[in-house]
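# Architecture and fold: a report
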Amino acid sequence: MFTKINKPSLLILSLVLLSAASCKPKSAGNAVSKDAASKVYVPPGKYDEFYNFVSGGFSGQLSVYGLPSGRLLRVIPVFSVDPEKGWGYSEETKPMLNTSHGFVPWDDLHHVEMSMTDGQADGKWVFVNGNNTPRLARVDLKTFRTAEIIELPNSAGNHSSPFGTENSEYIVAGTRFSVPEDGEAGDVPISTYKENFKGHISFVSVNKETGDMNIAFQLKTPGVNFDLARSGKGKSNGWFFFSCYNSEQANTLLEVNASKRDKDFIMAVNWKKAEEYIKAGKGKKQAVKYAHNKYDEQTHTATSEIKTEVTVLDVTEFPDIVYFIPCPKSPHGCDVDPTGEYIVGSGKLAALLPVFSYDKIQKAIAEKNFEPEKYSGLPVIKYEAALYGEVQKPGLGPLHTEFDANGNAYTSFFVSSEVVKWNIKDLKVLDRQPTYYSVGHLMIPGGNTKKPFGKYLVAYNKITKDRYLPTGPELSQSAQLYDISGDKMELILDFPTIGEPHYAQAVPASLLLPKQLKIFDINANRHPYAAKGEAETKVIRRGNQIHVYITAVRSHFAPDNIEGVQLGDEVYFHVTNLEQDWDVPHGFGVKGAANGELLIMPGETLTLKWIPDRTGMFPIYCTDFCSALHQEMSGYVRVSPKGSNVPLSFSLGDKPKKAEPAVQ
Ligand SMILES: [Cu+2]
């Protein structure tokens, strides 16, 4: 059923892929019309219309931009330590970066998924994936902070992730690298790929009220590489569609060996059926190890728990869960239109764009209109039986498709560096506009939902030669904003992004503005080391640990002088920010500290651990400009030799205080 493509054509394609990056489209210089500036200009004092949440790729972070201005509003630390916010440096946030491999201070963040109610963004949370050490994170849109991170067992390269169902019942994560199952079973020859390597798809449930995540179950599938996915919506709610490449199940020289077949697959999963089997107890428990980390807003502290079991359903044992649909040449994006009827498969080596029909897929299943040959024991629907139609000659290297509210689709083309608009019903190409250059993902606000907002399209580009002032060998990553409100797309802005932007989502500012938390209520602070007023500040010795209960308020710390610390001591500064005023954080830094700073929000308590490495005088100071007297917000810690007779004491002004007796 599969035909091989000949070597010369593969070579030509490789050349096109290589050369495209270095070619500058002829019209690159003056593609912007004269009134473009007024369309993106947001006057001082005015808000942007949309929040745009953009994946930060290998930075491991999520960034937030305003649209249409392209202004960077915030970088939200998720998987990587962030010295600006002290993320991963404070004792309270370190557990967030714990995994079954220990503390992992980095990941590769690719995709962004907003929580949904009835197929529309509800503005509660945004989910992001850690591609490298498979993890899924939930960011709270009330605080713009990472609230939870869950590691995914039996997975490697969490690329096909995170994609949510219509009401965020599940956030789904498919493994990019098929691997043998976790544990000792993974010690097998690589050459036994076809026998031992399996794909796993994690269904992570989300509590509607609290957002708490939990790995509900995993599906064990044939050993393909899952690339991307989308859930069905509307009529196709209850189904999931995954793009798969390497249906050849090759394990070496994938560039050639995973491109042999003329068609790979879209894997259609009836997840409601899978859920029924799980509820009926058909899943098998497997011993695994994965971390589940949560941040508690009351104690201002994260906890990390290592979990040891997951429930796995082997899809080859349940014939009505999974169906393969042939899709030409290494599908990348797999996108479902707002009605839920049309599924677009973007074969990145294909010269056409297949659009599949949900109704036809259901009909084919009912009539068993399958290929005579199964794939790894699972039915393969005949291509023509599932196909609605093909967009002919759309461009080269299709990657991703988003939708507007008027029945149009927009697809990014990496090789030909363009965005192409086409009509979903008649599959006619309506417009094409160049990108500068080599576009990857694209995003329309609400473009993956049942009700897209339309208006703008943002292209996220991989190579930006000549768009910005050069910055040495590496140039800024780039986003390009197009106005799509008319018949023709119009490029209206370039803006740089932190690297490397993959997918993004945007929601109207009005959805998030009323939810914003301005302060943490100091009375609700349940941190065990909080000092809720200067009267509660103290210094305690517990063996070689010194706990400093210290407060910050404009413009001093209490205490600001500490003596009696000795070499060999571990000093814990528990800093409580007493402010109850919006946008008045305080920072905390110590000379010579081997980690980072703290950045403490109003009403919050955070802890910096410091192990002095020499005797002498060590200034502490506020790192975040907080008032006209911010420079005065400082103090001293004196460190004496081990066994010194300097008593542990602390003071503010002329009020010296003796430390409480040592506690063992
Ligand atoms: Cu300050």
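Structure first, text after, so check above.
Residues numbered from 1 in each chain as written. Predicted model: local features only at pLDDT ≥ 70, side-chain atom pairs only at ≥ 80, totals over all residues. Heavy atoms only, no water.

Listed in full, the buried residues belonging to helix α5 (residues 271-279) are Trp271, Ala274, Glu275, Tyr277 and Ile278. Looking down the long axis of α5, one finds its buried residues gathered within 160 degrees of arc, a one-sided arrangement. The inward-facing, buried residues of α5 contact β11 (170-174), β12 (199-206), β13 (213-221), β15 (239-245), β16 (263-270) and β18 (301-314). Just past α5, the residue glycine 281 takes up positive phi, approximately 80 degrees. (Buried < 20%, exposed > 50% of the residue type's maximum accessible area, 1.4 Å probe, protein only. Helix = DSSP H or I, 4+ residues; strand = E, 2+ residues; numbered from the N terminus. Arc of directions from axis to C-beta. Contact = heavy atoms within 4.5 Å.)

Here we come to the pattern of salt bridges. Within the structure shown, the criterion is met by 33 salt bridges. A salt bridge links arginine 230 to aspartate 335, with the nearest nitrogen and oxygen atoms 3.5 Å apart. Taken together, the residues span a long stretch of sequence, with arginine 230 in strand β14 (residues 225-231) and aspartate 335 in strand β20 (residues 331-336) at a distance of 105 residues. Accessibility expressed as a relative area gives 7% for aspartate 335, which makes it buried. (Salt bridge = Lys/Arg side-chain N within 4 Å of Asp/Glu carboxyl O.)

What follows concerns the sheet that holds strand β8 (residues 135-140). If you walk across this open sheet you meet the 10 strands as β6-β7-β8-β9-β17-β18-β13-β12-β11-β10, and the pairing is mixed. In this open sheet, the two strands that pair with only one neighbour each are β6 (109-117) and β10 (160-164). Neighbour to neighbour, the strand axes of the sheet diverge by 25 degrees on average, direction disregarded. Relative to strand β7 (residues 120-130), β6 runs antiparallel, the two sharing 6 bridges. For methionine 114, the partnering residue across the bridge sits in β7 and is valine 126. (Pairing = 2+ DSSP bridges. Axes fitted to C-alpha atoms, helices over the stretch in contact; angles between N-to-C directions.)

For the rest of this paragraph, the subject is helix α6 (residues 358-366). Buried within α6 we find Tyr358, Ile361, Ala364 and Ile365. For α6, the buried positions fall inside an angular range of 120 degrees around the axis, keeping them on one side. Of the exposed residues in α6, the ones pointing more than 90 degrees away from its buried face are Lys363 and Ala366. The inward-facing, buried residues of α6 abut β15, β19 (322-328), β21 (342-347), β22 (352-357) and α7 (383-386). Sitting at the head of α6, serine 357 places a side-chain oxygen 3.3 Å from the backbone nitrogen of aspartate 359. (Polar contact = N/O pair within 3.5 Å; in protein donor to acceptor, adjacent residues only side chain to side chain.)

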